[in-house]
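Examination of the molecular architecture
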Amino acid sequence: MPRTPLPRRASVVIIGGGVIGTSIAFHLAEAGGTDVLLLERGELGTGSTCRAAGGVRAQFSDELNIALGARSLEAFTRFAQRPGQEIDLHQVGYLFLLTTRAQVAAFERDVQLQNELGVTSRMIEVDEAERLSPLIDTDGVLAAAYSPEDGHCTPESVVLGYASGARRHGAVLRTGTSVLDIERRGDRVTGLVTDQGTVEADTVICAAGAWSAGIGELAGVELPVQPVRRQVMFTEPMPDLAPVVPFTVDFATSFYFHREGSGLLLGMSDPEQEPGFHLDYSEEWLPRLGEAIGTRAPALLDVGLTPGWAGLYEVTPDHNALIGRAAEPSNFLYATGFSGHGFLLGPAVGEVVRDLCLDQDPFVDIGPLDVRRFADGAAIRPETHIV
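These numbers were taken from a predicted model, which means no experiment stands behind them. Each residue is numbered by its place in its chain's sequence as written, counting from 1. At least 70 in pLDDT is required for a residue's local features to be given in this predicted model, at least 80 for side-chain atom pairs to be given and counted, and no such filter applies to totals for whole chains, interfaces and linings, which use all residues. Excluding hydrogens and water, the side-chain figures rest on all heavy atoms present in the structure.

Let's shift gears to the overall build of the protein chain. Put simply, DSSP H or I for four residues or longer makes a helix, DSSP E for two residues or longer makes a strand, and each gets a number counted from the N terminus. Helix and strand content of the protein chain: 8 helices and 18 strands. Restricting the calculation to C-alpha atoms gives the radius of gyration, and the globule rule supplies 2.2 Å times the number of residues raised to the power 0.38. The C-alpha atoms of the protein chain give 21 Å as radius of gyration, which agrees with the globular expectation for 387 residues (21 Å, within 12%). Reported as C-alpha extents along the three principal axes, the dimensions of the protein chain are approximately 60 × 50 × 40 Å. The buried label goes to any residue with under 20% of its type's maximum accessible area, the exposed label to any with over 50%, and the partly exposed label to all in between, with areas taken from a 1.4 Å probe on protein chains only. A total of 387 residues make up the protein chain; the buried ones form 54% of that total. Working rule for contacts: check all heavy atoms of both residues, and any pair within 4.5 Å makes them a contact. Partitioning the intrachain contacts of the protein chain with sequence separation of at least 6 by distance along the chain shows that 74% fall at a separation of at least 24.

Spelled out as structure tokens, the structure:
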């Protein structure tokens, strides 16, 4: 069956069909935005979103990230009603295990800030951490930070919910469509050249995740985003596994796990991983992962492990997102560079970018996330709660 021709023009064209792009499309279309078009070169959610571990939290060190995380967490709890999709949300809590006095002091400050902003996180003693997450070995753990309302859900379902909701409100979502060039006239974008034809556009939004630097280059906007491979594994079914397992993070190593079906999902960063579009699964991280498991959850060494997948973080120099409107072209907006936090911030980011498009004030000032913060002499906002 021949494909429906690409629309010749749209008021807003969103590039990228992951959680950020579909959230923006939903929020814009719901607000009455007409002629909203989303372009995805593959299938919806098949970039980084479907490779995410699914964690959702408001435990951050940066005030702006806390606000975005809390707003998104609230939206996830109501997702079955709006946009209307079951996402298998498990609010089992996030548990950060801390092994140095510096970590404890930093998390104490961060928890105080989180509490001031309405997040129900708290510092807990080691024995309580062990009760919450019995698989851990607490040797060397000095304290922990815990937030019971955090947890995890299914990324593919979130994308489906936003995509379905966007379509119900009139947005057009086109998969299998690659952006080849961005046309400009003066200080404005005028259209996009795709492998399915050319589209005139009043506004273009880059939500292309790890591929955003290339999209920015087409528009003449520097977006300092690097792709970095992250990988996960799964345990075989564990018959004696507790029904509730918090999203447990050994902060010093970034080793984490949470319940996935009848077993666990495991993940960890690899500091030796070179940036690049490494999409294949590699076993090079296994020795370091095995060492972390042996130290922090040794019982898992006796459980069978199966390979998971490789996905891409979209990393910026300060591990904070890029959200804003380009100085030139002025009708080019961007929401990218979430450095591993894109999925969990998706609902709030959709709201923020909707408001930017409609020339309204977002619920939070996202000026500090403007890409121009990396200009010489500009202050940056480091985020330390990196997993």
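Moving on, we get to the pattern of salt bridges. Two side chains with opposite charge may pair up if their charged atoms get near one another. Salt bridge, as applied in this entry: a Lys or Arg side-chain nitrogen positioned within 4 Å of an Asp or Glu carboxyl oxygen. The final tally for this structure, using the stated rule, is 12 salt bridges. Across the pair Glu328 and Arg184 runs a salt bridge whose closest N-O atoms are separated by 3.2 Å. Pair noted here: Glu328 is in the loop between strand 17 (322-325) and strand 18 (332-336) and Arg184 is in strand 9 (residues 179-185), with a separation of 144 residues, a long-range link. The partly exposed category is assigned to Arg184, whose relative accessible area is 33%. A salt bridge links Arg354 to Asp355; the nearest nitrogen and oxygen atoms lie 3.0 Å apart. With respect to class, Arg354 is no different from Asp355; both count as buried.

What follows is about the sheet that holds strand 14 (residues 255-260). The pairing of strands in a sheet happens through backbone hydrogen bonds and is either parallel or antiparallel. Whether two strands pair depends on DSSP finding at least two bridges between them. Here we have 8 strands laid out as an open sheet, ordered 5-6-4-13-14-15-12-16, and mixed in their pairing. A single partner strand is all that each edge strand has here, and the edge strands are strand 5 (122-124) and strand 16 (305-315). Neighbour to neighbour, the strand axes of the sheet diverge by 25 degrees on average, direction disregarded. Here, axes are lines fitted to C-alpha atoms. For helices the fit covers the stretch in contact, and angles between N-to-C directions go from 0 to 180 degrees.

Here is the rule: rings of Phe, Tyr and Trp (six-membered ring for Trp) pair when centre to centre is within 6.5 Å. Planes less than 30 degrees apart are stacked, more than 60 are edge-to-face, and the remainder are tilted. Using the criterion set out here, one finds 13 aromatic pairs in the structure. With 5.7 Å between their ring centres and 35 degrees between their planes, Phe76 and Phe343 make a pair best called tilted. Taken together, the residues Phe76 in helix 2 (residues 63-77) and Phe343 in helix 8 (residues 342-357) connect sequence positions 267 residues apart. The exposure class assigned to Phe343 is buried, which follows from its relative accessible area of 7%.

A separate point is the environment of Glu236. Relative to the assigned elements, Glu236 resides in the loop between strand 12 (226-235) and strand 13 (247-250). Taking relative accessible area as the criterion, Glu236 reaches 40% and is therefore assigned partly exposed. Sequence-distant contacts of Glu236, defined by excluding residues within four places in its chain, comprise Gly263, Val303, Gly304 and Thr306.

With that out of the way, let us pick up the state of the cysteines. For the purposes of this analysis, a disulfide is any pair of cysteine sulfur atoms at a distance within 2.5 Å. The tally for this structure, following the rule as stated, stands at 0 disulfides. The thiol of Cys153 is not disulfide-bonded; the next cysteine sulfur, from Cys50, is found 14 Å away. As a non-bridged cysteine, Cys206 has Cys357 as the owner of its nearest cysteine sulfur, 13 Å distant. Since its relative accessible area comes to 0%, Cys206 is described here as buried.

With that settled, the discussion passes to helix 3 (residues 101-116). Here the expected length of a helix is defined as 1.5 Å per residue gap, with one fewer gap than residues. A rise of 1.5 Å per residue sets the reference length of helix 3, with its 16 residues, at 22 Å; its end C-alpha atoms lie 23 Å apart and thus fit the reference within 8%. Residues Gln103, Val104, Phe107, Asp110, Val111 and Gln114 constitute the buried set of helix 3. For helix 3, the angular spread of buried residues about the axis comes to 130 degrees, placing them on one side. Residues Arg101, Ala102, Arg109, Gln112 and Glu116 are exposed on helix 3 and point more than 90 degrees away from its buried face. The arc in question is traced by the directions running from the helix axis to the C-beta atoms.

Glycine aside, negative phi is the norm for most residues, and most peptide bonds take the trans geometry. Cis peptide bonds are those with omega within 30 degrees of zero, and the linkage from Arg82 to Pro83 qualifies with 10 degrees. Position of Pro83 relative to the elements: it lies in the loop between helix 2 and strand 4 (94-98). For the bond from Glu328 to Pro329, the omega torsion is 0 degrees, close enough to zero to count as cis. Along the chain, Pro329 falls in the loop between strand 17 and strand 18. Positioned with a positive phi, Ser254 is a non-glycine residue whose angle comes to about 75 degrees. Among the secondary structure elements, Ser254 is positioned in the loop between strand 13 and strand 14. The buried category is assigned to Ser254, whose relative accessible area is 7%.

The subject of this paragraph is the side chain of Ser212. For Ser212, the position within the fold is in helix 6 (residues 212-219). Ignoring any residue separated from it by four or fewer positions in sequence, one finds Ser212 in contact with Cys206, Leu223 and Thr336.

Ranked by size, the top nonpolar core spans 49 residues in total, and within it Ile14, Ile24, Val158, Ile205, Ile323 and Val353 carry the most contacts. The dominant element in this core, judged by the number of residues it contributes, is helix 8, at 9 residues. The residues contacting Ile323, other than those within four sequence positions of it, are Tyr334, Ala335, Phe338, Val349, Val352, Val353, Leu356, Ile366, Leu369 and Asp370. Think of a nonpolar core as a cluster: buried Ala, Val, Leu, Ile, Met, Phe, Trp, Tyr and Cys residues, connected wherever their side-chain atoms sit within 4.5 Å.

Of all 5 residues making up strand 6 (residues 143-147), 5 are buried, and the element is well covered by its neighbours. Side-chain alternation along strand 6 places Ala143, Ala145 and Ser147 on one buried face and Ala144 and Tyr146 on a second face that is also buried. Two strands pair when backbone bridges link them, and strand 4 and strand 6 are joined in this way by 5 bridges, in the antiparallel orientation. Within strand 6, the position partnered with Tyr94 by the bridge is Ser147. Looking at chain direction, strand 5 and strand 6 are connected through 3 bridges and run antiparallel.

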